[in-house]
Amino acid sequence: MEQPKVSTSRLFVTSIIESKRDEIEEKLEQGYQTLHGLVSGLSEKEAHDALNIAVSRDKAHEEAVTLGLLCVILSEPQHATKSFRDLTLVTRDGLQLVMMCLSQLAVEKWLRMADVARSQLLWLLRELIRTGAAGVDNVCYNLMRHAAGGDVSPRNIALVDYMLDTFIENRTWLEKHPVLLSSMVYNYLRLIEDHSAPQFTMLRQKETSFVVGLLRDRFSDCMVIGRDLVRLLQNVARIPEIELLWRDILNNPKSLCPSFTGVLQLLQARTSRRFLQGRLTPEMERKVVFLTSHVRFGQHKRYQDWFQKQYLATPESQTLRIDLIRFIVGVIHPTNELLCSDIIPRWAIIGWLLTSCTSNVAAANAKLALFYDWLFFDTERDNIMNIEPAILVMHHSMRSHPVVTATLLDFLCRIIPNFYPPLSEKVRQGIYASLRHIMEKRVLSTLYTLFDHSRLDKELRVMVRETFQEFCYPHPSLEGVKLEESKEEMVNHLGEGVGVGMAVGGVTNHHSPSEPTFSDEEGEASIRPHGEEEDDDDIPLAKVKLKGSPLPDEWKDDDDEVVKNLEGPFRDAIERLQAETDNEAKCEAMERIVQLVIQDDEVDSDTLTTVGQCLCAVLRHTWTTRVFPETVTEDSIEDSIGRPLFVLFRNLAELSEDDSRRLPLLTVLSEMYSRCQRIGYLLLYYLQASTLGDDEGGKIGSNGKSQVFKELCETQDRELEAGLLADLKLCQEEDVNLLCWLLPAVYTQFPQVAVGNTALLHLVVSTVDARQLQELVCRVVQRYLKVITLLITDSETMILMLVKQVASSTII
């Protein structure tokens, strides 16, 4: 049989499996052929003239010539200097096409590139830095990601050394790019830890001098790293130069930067995802993202085994586990859908990483990496998703791996006095704040069953009780919890030998009925391969789309920075809304903004989008305060919608459906909704609350107002059913009383998607208590509410009563 031919490539190592060229390879090859056809047989002057004529024809010829010259540089070292000179002479876009192509090669193709092509890419990088080309800093960042941690292979060491020499040689250029500078400080401070062997003495000394020099001279740029800068410095603090720097940080902070007040300032700043992501190679990142977004719980072992064999099999790779834990904790923030699915959860992967540590030092550092965001946790600045994995690892490991839970609890107790004695009280406050936030967000409904579990050693239980006395007493609703523990002891026999990442008894869904899920508290954009938002926390994460939630961190920044994006009367109106302290004055200011939006026909969409962004920032108190009154009366409901946000809702609801002024208001509201999903159920609340006094009985649909919500869903390209369920689910997580209050109107005014909807019915019965469910049953009996499509109303009542009994046995 004739063997299939393997097509050769100028830049990449090919095989039978990977013989087909992709788009970037095809473009480079076509560019090379076009270039060869233009200059073949010509003198240098004639070739230069031919290239200039070609690039002046059209964009396609310019792109082909540029990529052709790039291909020559990467594949033919003997012609690289001349081709680079021609490239700089004929390019008309400031080499932006070259930068984009190099970044793509660095992120997607580095592992497949031939040795010659890799060497030439690094050579080209230095040349581009010397010429000061714009965008080369992004190429440096992407290339540096391939300098993997926990890897001391000759190829990896060579890349680390070459990039280090490049930065040392071009330090003046590096200092002009503070974002890249702080990233390189973080990267090399982390890599120093791996280079402790005698054969790396010279490299380690060079890395140390580089990092210490930048920290001393540019500490203001490095402060943005935040708390993980302290963690990395602690790991290498025994090196003399770093020890001296460490003493200045602790005892003489002003000598490093006038605005630096001390180590507490760093510890209270959360580390941006840019730094955590930069310590994983793009290939590792893709695999971790796939593991956490596509692999089902119970089917993950073979993926973990492959990952361990590929990346974690060497003694040096112990330190890589810490990078992975920090990445999973700080960057992988699943959507609500993933949290409720049977995809392997973060805590299971972290549990596996913890149990696979064979070094005591690495194990201690892994625990610190897991709990690091707990130590100085602040609900205003930090994120629930950064502390959630640690508590769930302890909770779920209690059955099959109680030793894991015990060691983590022991570590958590001992870290308070031992992390940094002068700040022990701050550490205690941070950990207590974490635990309170965990209970507020219902990650766990109680901590008593974890902290006082019968499977814990008696001495450990005493220490936990002394350390966390506030959380070690059972809630009144926990009667019979010891009985549940005894049942658990019986189940444990079935779970023996099951790994941390496996469910007991073969159950693959990792969310038990008694464990409510919660939403990410940080707004995320759709992730792009190399893009970077202005907020340094918005970092690419493969192609995963992470959903936003109540209060994105970027809204917690200075409102003035957001408002500066506006000019003219819009800016004046927003600043007035921002400055007012009286609620009535705020409402008047909001009315002024609405009138500017609907009265000016020339307002462009960009301005309307910016207005929406500014309103989200200025009205952020609405996202953090309770709207639905505790005592429900007509007066209290009316008072609750007397806020600036509801002024916008009122104007939109009062405009007729064919009024052209609805569109700009919908554009503003859509931008706000894309940044804060809470807008959805608050709009439903307003539409219901504003019609309580109407003759029609206070229905969302009165006067066609329900159309506003439908149009809002359309602006988000979402079906009405999906939008309604998503908004009510968020309402359920944040205020179940409001959900119950809204349900009758939702079923009445959206019958086509609500009546008979099993997902909505499950949402209700999995949340409400007996009293709330009884009220719903009464409404069904009185025929004010229909939740299931049946011909006989009595049958519907009977079914709902059965649902009540089931719910009562599992929830109450």
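Overview of the structure. Residue numbers here run from 1 along each chain, matching the order of that chain's written sequence. Restriction of local features to residues with pLDDT of at least 70 applies here, the model being predicted, together with a cutoff of 80 or more for giving and counting side-chain atom pairs; totals for whole chains, interfaces and linings are based on all residues. For side-chain calculations, the full set of non-hydrogen atoms in the structure is used, while hydrogens and water are omitted.

Focus on the overall build of the protein
Point 1. Helix numbers and strand numbers start at the N terminus; a helix is a DSSP run of H or I with at least 4 residues, a strand a run of E with at least 2. Along the backbone of the protein there are 44 helices and zero strands.
Point 2. Burial statistics for the protein: of 812 residues in total, 55% are counted as buried.
Point 3. For the protein, contacts bridging at least 24 residues in sequence account for 72% of all contacts bridging at least 6. Burial classification: accessible surface area is computed with a 1.4 Å probe over protein chains only, and a residue below 20% of its type maximum counts as buried, one above 50% as exposed, and the rest as partly exposed. Throughout, a residue-residue contact means that at least one pair of heavy atoms, one from each residue, lies within 4.5 Å.

Some thoughts on the packing of helix H23 (residues 384–400) against helix H25 (residues 424–440)
Point 1. Here the axes come from fitting lines to C-alpha atoms, over the contacting stretch only for helices, and the angles between their N-to-C directions go from 0 to 180 degrees. Relative orientation of the contacting elements H23 and H25 amounts to 90°, with a least axis distance of 10 Å. Considering their axes alone, H23 and H25 lie roughly perpendicular with respect to each other. Contacts from Ile384, Ile387 and Ile391 in H23 reach Ser434, Leu435, His437 and Ile438 in H25.
Point 2. Split into classes, the residues belonging to the contact of H23 with H25 amount to five nonpolar, two polar and no charged. Any angle that is under 35 degrees is reported as roughly parallel, and any over 145 degrees as roughly antiparallel; angles of 65 to 115 degrees are reported as roughly perpendicular and all others as oblique. Each residue receives one of three labels: charged for Asp, Glu, Lys and Arg, nonpolar for Ala, Val, Leu, Ile, Met, Phe, Trp, Tyr, Cys and Pro, and polar for the others, Gly being one of them.

Considering the packing of aromatic side chains
Point 1. Working definition: a ring pair exists when centres of Phe, Tyr or Trp rings (six-membered ring for Trp) sit within 6.5 Å. Plane angles under 30 degrees give stacked, over 60 give edge-to-face, the rest tilted. Throughout the structure, instances matching the rule amount to 25 aromatic pairs.
Point 2. Between Phe219 and Phe260, the ring centres sit 4.7 Å apart and the planes meet at 50°, which makes this aromatic pair tilted. Separated by 41 residues along the polypeptide, Phe219 in helix H12 (residues 219–222) and Phe260 in the loop between helix H14 (240–251) and helix H15 (263–267) bring together distant segments of the chain.
Point 3. With relative accessibility at 0%, the residue Phe260 sits in the buried group.
Point 4. With centroids separated by 6.0 Å and ring planes inclined at 85°, the aromatic side chains of Phe628 and Tyr685 adopt a geometry described as edge-to-face.

What about the nonpolar core?
Point 1. Ranked by internal contacts, the top residues of the largest apolar core, which has 172 residues, are Phe167, Tyr188, Trp374, Ile391, Ile431, Phe451 and Phe468.
Point 2. Leave out the neighbours within four places in its chain, and Ile391 touches Trp374, Leu435, Ile438, Val443, Leu444, Leu447 and Leu450.
Point 3. Membership of the second largest hydrophobic core comes to 74 residues, among which are Cys616, Leu665, Cys731 and Leu738. Throughout, nonpolar core names a set of buried Ala, Val, Leu, Ile, Met, Phe, Trp, Tyr and Cys residues whose side chains join them through atoms within 4.5 Å.

So, a negative patch on the surface
Point 1. A cluster of acidic side chains, namely Glu634, Asp635, Glu638 and Asp639, defines a negative patch on the protein surface.
Point 2. Here Asp639 is to be found in helix H34 (residues 634–640).
Point 3. Assessed through its relative accessible area of 59%, Asp639 is described here as exposed. Think of a patch as exposed residues, more than 30% relative accessible area, with no salt bridge, where like charges cluster within 9 Å and nonpolar side chains (Val, Leu, Ile, Met, Phe, Trp, Tyr) cluster within 5 Å. The protein chains shown are the only cover counted for residues, whose accessible areas, like all others here, come from Shrake-Rupley with a 1.4 Å probe. Just to be clear on terms, a salt bridge is a Lys or Arg side-chain nitrogen sitting within 4 Å of an Asp or Glu carboxyl oxygen. Residues scored as positive are Lys and Arg, those scored as negative are Asp and Glu, and His as well as the terminal groups of each chain are ignored. Charge coordinates come from a single atom per side chain, which is NZ of Lys, CZ of Arg, CG of Asp or CD of Glu.

Remarks on the environment of Leu763
Point 1. Mapped onto the elements, Leu763 comes out in helix H42 (residues 758–765).
Point 2. When the C-alpha atoms of Leu763 and Gln732 are compared, they prove to be 7.8 Å apart, with 31 residues separating the residues in sequence.
Point 3. Beyond its immediate chain neighbours, meaning those up to four positions away, Leu763 contacts Leu728, Lys729 and Gln732.

Notes on the pattern of salt bridges
Point 1. Applying the stated rule across the entire model yields 42 salt bridges.
Point 2. Where Arg145 meets Glu285, a salt bridge forms, and the shortest distance between an N and an O atom there is 2.6 Å. One end of the pair, Arg145, is in the loop between helix H7 (136–144) and helix H8 (154–169); the other, Glu285, is in helix H17 (residues 282–293), and 140 residues separate them in sequence. Here Arg145 and Glu285 have matching classes, each one buried.
Point 3. Note that Glu654 is salt-bridged to Arg650, the shortest N-O span being 4.0 Å. In this pair, Glu654 and Arg650 are both assigned in helix H35 (residues 644–654), four residues apart and thus about one turn of the helix distant.

A word on helix H11 (residues 201–217)
Point 1. To estimate how far a helix should extend, the number of its residues minus one is multiplied by 1.5 Å. Along its 17 residues, H11 runs 24 Å from first to last C-alpha, staying within 8% of the 24 Å computed at 1.5 Å per residue.
Point 2. Buried within H11 we find Leu203, Glu207, Thr208, Phe210, Val211, Val212, Gly213, Leu214 and Leu215.
Point 3. Here the buried face of H11 lies against H8, helix H9 (171–174), helix H10 (178–192), H12, helix H13 (227–235) and H14.

Re the state of the cysteines
Point 1. In this description, the term disulfide denotes a pair of cysteine sulfurs within 2.5 Å. In the structure shown here, the tally under the stated rule is zero disulfides.
Point 2. Between Cys101, a free cysteine, and Cys71, which holds the nearest cysteine sulfur, the sulfur-to-sulfur gap is 9.2 Å.
Point 3. For Cys101, a relative accessible area of 7% corresponds to the buried category.

A closer look at helix H19 (residues 318–330)
Point 1. Helix length check: H19, at 13 residues, gives a terminal C-alpha distance of 19 Å against a target of 18 Å (1.5 Å per residue), a fit within 8%.
Point 2. Among the 13 residues in H19, 13 count as buried, and that is most of the element.

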